[in-house]
Amino acid sequence: MNKLYSIFSLLVGVFAFTACTPEVDDKFSETPTERVEETGNNTRDILKAAPNGWRIEYYASTTYGGYNVFAKFEDNNVTVASEKVGSNHNAGFGPDGKLITTTSHYKIEASQGVVLSFDEYNDIFHYFSDPANPDYGTKGEGMEGDFEFRVQSATAEKVEMIGKKHQARIVMYPVEEGKTWEDCVNEVNATRDFMASRSYQFVVDGSEREISVTTSYRRLVFTWLNDKGEKQQVVAPFIITKDGYTLYSTVDVDGTEISSILKGNTEEYFVVEGNENARLYTYVPTLKETLESGVWFITYEDLSPFARPYWDTMRNKLATAGPNNSRNRLYWALIGTYLNRLAFHMQAGGDYCYQGITITQLDEDGNEVFIKWDSKTNNAAGKLYYRSYGMNQAMIPFVGTGSTGRTFTLSTDDKRHPSYIILTDKKEPTNVIKLWAEEKNYPYGDLDADEK
C-alpha cells in the first residue's frame, strides 16, 4: 500500500510540474536586460504623459532643505523651471512675469536598474549639482545635488527616485490639471511668506517642555533640555508646498512624531498634520537672539571704511597661509552659531577656523549688545589664523582688541524674518557693519577674483 501511494504521489507531482512549466517559462522568457529596458520604456511613457509636467521635490544636501523644480518631458528633451534659490540662480520669475525655463536633453538608461539622467547641462537644474555653485556650499562640492537618479517606482500619480551619487530621496508629482507652473510657485511663495520666521516655539498640549525652533536655510532645528538637563536637538529639512512644510523624513521631537506642518489660517501658530495638540507658534525674537542663534555672513563691501583696513591686513596675510606659502583665498566668513558654536567663523582655502565670542544684551528690547572675544577657543586652525594670518585683525571691528569688546546698536529690515542685521558701534559711529542672512561666498569679491 505504501508503494502504491508513493508511486501515485510521484505521478501527480510530474503532471503538476508539466502543467505549470509553460507559465514559469512565460514569466522568465525575458532576460534581466530586457525587463529593465521595458521598465525604462514604461518610465519614459509615464514621464511624457503628464500634460502639465511634473513638480519635483528636489533635495541636494539636506543641509539646504528642499526646493520645488518643474519639468516637462517631450521626446528626448526636458524643459525645466524652478523656485529661485540663490542670487545667481537663473530661475524664478522673469521680467515678463513668467517662470524662466531652460530646455535640455535627458535620457533613460539601464545601470543597475532604470536611471533618469539630465545629461545635458541645464543652468536651472544643474545649479544644485554644480561643484562650483556661486551661492552655496564649499568649493568643489557646491550644494551636493544629483543630476542622475535611480528610479525606485513610477506611476502616473508619483515617481520616486534616489540620487545616484549623493543618495537624496527625490519625489515627483504631476502638476494638477488647470494649473500653470506660475500658479504653483505663487502658492509656494504665499506659504513661505505666511509661515516665515527665524524662530518658533514648539508646544504640545500636556507637556511643560520648552522647545525652541530656529530655521537655517530650509531646515527646522528643534532644541530642548531633557529631564537630566541635557541639550537635545533634532534637525528637520523641509520643502515648502501650498499647504505648509513637508519634512524630508518623519522626525521625533521629544516623543512627538512630525512629518508635515500645515499653515492653517492664522499666522500665530501652525499645526502638526495628524496631531491637533502639537503646534508650531511663531515667535519674534529680540535682535540679540537673532544675531546669536543665526549665521550672519560678512562681506568686505558691507564693511564701513573704519573696518576695511583691518580686513585688508588679513587679506595680505592670507597670501602665505596656504601650502608652500601659497595664498589661501577666503571662501566665507560669518558670525553667529554655526556647528553649535557661537563664534567668528571663516573658511580659508581648506581650513575651517573659528574664534569664540560672547554676546550680552544691554537693553530690555535686545537692540543693544556687547560683543566680546572668548579666548577659550579650542580650535587649532583658529588659533593659527588668529596668531599668524590676520584673523585677529578681521575681528577687531566686532570685538575690539584683545578682550575689550564693543557695544553695538542693532537694526534690521524685518524682525520676524530679517534679510540683514546692521551693527552700529556706539563708541565708534563710523564702525558700521551689515551682515547678511543669505550665504555670501568670497567676501573680498573682485579684490581677489583673479585668484580663483
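The following paragraphs examine the structure supplied in this document. Values in this document were obtained by computation on a predicted structure and should not be read as measured data.

With that out of the way, let us pick up the overall build of the protein chain. In terms of regular secondary structure, the protein chain is built from seven helices and 25 strands. Across its three principal axes, the protein chain shows a C-alpha extent of roughly 105 × 60 × 55 Å. In the protein chain, of all internal contacts separated by at least 6 residues, the share reaching a separation of at least 24 is 53%. Accessible area of the protein chain: about 22,400 Å², with a carbon and sulfur share of 49%. Charge centroids of the protein chain, computed over 46 positive and 65 negative side chains, lie 6 Å from each other.

On to unusual backbone geometry, then. At Glu-144, a position not held by glycine, the phi torsion is positive, near 60 degrees. Inspection of the secondary structure puts Glu-144 in the loop between strand E6 (114-117) and strand E7 (148-154). For Tyr-442, which is not a glycine, the phi torsion comes out positive at approximately 50 degrees. You can see Tyr-442 is positioned in the segment after strand E25 (432-436).

A few words now on the packing of helix H5 (residues 308-317) against helix H7 (residues 391-399). Contact geometry for H5 and H7: axes closest at 7 Å, N-to-C directions at 165 degrees. The angle between the axes of H5 and H7 places the two elements in the roughly antiparallel class. The crossing of H5 and H7 is left-handed. The segment H5 lies against H7, with Tyr-310, Trp-311, Thr-313 and Met-314 engaging Met-391, Gln-393, Ala-394, Ile-396, Pro-397 and Phe-398.

Here we take up the sheet that holds strand E15 (residues 256-262). Strand order in this closed barrel of eight strands is E10-E11-E12-E13-E14-E15-E16-E17, and the pairing throughout is antiparallel. Neighbour-to-neighbour, the strand axes of the sheet open up by a mean angle of 30 degrees, direction not taken into account. With six bridges joining them, strand E14 (residues 244-253) and E15 adopt antiparallel strand pairing. The residue of E15 that forms the bridge with Val-253 is Thr-256. Where helix H3 (residues 181-195) meets the sheet, it contacts strand E10 (199-204), strand E13 (231-241), E14, E15 and strand E16 (269-272), and its direction lies at approximately 145 degrees from that of E13.

Let us look at the environment of Phe-370. Within the fold, Phe-370 resides in strand E22 (residues 368-373). Taking the relative accessible area as the measure of exposure, Phe-370 reaches 23% and is therefore partly exposed. Along the sequence, Phe-370 and Thr-43 sit 327 residues apart, while their C-alpha atoms lie 60 Å from each other. With near-sequence residues (within four places) excluded, Phe-370 lies in contact with Thr-358, Ile-359, Thr-360, Leu-362, Thr-404, Gly-405, Arg-406 and Thr-407.

Another point: the nonpolar core. Most often, soluble globular proteins have nonpolar side chains that are buried together. Within the largest apolar cluster, 38 residues are counted, with the highest numbers of intra-cluster contacts made by Trp-311, Phe-344, Met-346 and Phe-398. The element contributing the most residues to this core is H7, with five residues. Discounting chain neighbours no more than four positions away, the residues touching Trp-311 are Ile-298, Tyr-300, Leu-303, Leu-330, Ala-333, Phe-344, Ala-394, Pro-397, Phe-398 and Tyr-444. Listed in part, the 36 residues of the second largest apolar core include Ile-124, Phe-128, Val-159 and Met-172.

Where helix H6 (residues 380-388) contacts H7, the axes come no closer than 5 Å and their chain directions differ by 85 degrees. Here H7 runs roughly perpendicular to H6, going by the angle between their axes. Between H6, through Gly-382, Tyr-385 and Tyr-386, and H7, the contact on the second element is made entirely by Met-391, Asn-392 and Met-395. The residue makeup of the contact of H6 with H7, split by class, is four nonpolar, two polar and no charged.

Two side chains of opposite charge can pair, provided their charged atoms sit close to one another. With the rule as written, the count across this model stands at 12 salt bridges. A salt bridge links Glu-187 to Lys-179, with the nearest nitrogen and oxygen atoms 2.8 Å apart. A salt bridge links Lys-426 to Glu-368; the shortest N-O distance between them is 3.3 Å. Of the two residues, Lys-426 is situated in the loop between strand E24 (420-425) and E25 and Glu-368 in strand E22; the sequence distance between them amounts to 58 residues. Exposure remark for Glu-368: the relative accessible area of 21% places this residue in the partly exposed category. Salt bridges here are not isolated pairs; linked through shared partners, they connect Glu-176, Lys-179 and Glu-187.

Inspection of the entire model under this criterion finds 32 aromatic pairs. Relative to Phe-125, the ring of Tyr-58 lies with its centre 5.5 Å away and its plane at 80 degrees, an arrangement referred to as edge-to-face. Note that Tyr-58 is positioned in strand E1 (residues 54-59) and Phe-125 in the loop between E6 and E7, a separation of 67 residues in sequence. In this pair, the class of Tyr-58 matches that of Phe-125, namely buried. Chaining the aromatic ring pairs together yields one cluster made of Tyr-58, Tyr-67, Phe-73, Tyr-106, Phe-118, Phe-125, Tyr-127, Phe-128 and Phe-149. We note Lys-440 situated over the ring of Trp-436; from NZ or CZ to the ring centre the distance is 4.7 Å.

Every buried residue of H5 is accounted for by Trp-311, Met-314 and Arg-315. Seen end-on, H5 carries its buried residues on one side only, within an arc spanning 100 degrees. Close packing links the buried residues of H5 with strand E19 (330-338), strand E20 (341-348) and H7.

Before going further, it helps to examine the environment of Ala-343. Following the sequence through the fold, Ala-343 ends up in strand E20. A relative accessible area of 0% means that Ala-343 is categorised as buried. Not counting residues up to four positions away in its chain, the partners in contact with Ala-343 are Leu-334, Ile-335, Gly-336, Tyr-354, Gln-355, Gly-356 and Ile-357.

Rules behind the numbers
Residues numbered from 1 in each chain as written. Predicted model: local features only at pLDDT ≥ 70, side-chain atom pairs only at ≥ 80, totals over all residues. Heavy atoms only, no water. Helix = DSSP H or I, 4+ residues; strand = E, 2+ residues; numbered from the N terminus. Contact = heavy atoms within 4.5 Å. Areas by Shrake-Rupley, 256 points an atom, 1.4 Å probe, with all protein chains shown as cover. Lys, Arg positive; Asp, Glu negative; His and termini not counted. Charge placed at Lys NZ, Arg CZ, Asp CG, Glu CD. Axes fitted to C-alpha atoms, helices over the stretch in contact; angles between N-to-C directions. Parallel < 35°, antiparallel > 145°, perpendicular 65-115°, else oblique. Left-handed = near helix turned anticlockwise from the far one by under 90°. Pairing = 2+ DSSP bridges. Buried < 20%, exposed > 50% of the residue type's maximum accessible area, 1.4 Å probe, protein only. Core = buried A, V, L, I, M, F, W, Y, C linked by side-chain atoms within 4.5 Å. Nonpolar A, V, L, I, M, F, W, Y, C, P; charged D, E, K, R; others polar. Salt bridge = Lys/Arg side-chain N within 4 Å of Asp/Glu carboxyl O. Phe/Tyr/Trp six-rings, centres within 6.5 Å; stacked < 30°, edge-to-face > 60°. Lys NZ or Arg CZ within 6 Å of the ring centre and 35° of its normal. Arc of directions from axis to C-beta.

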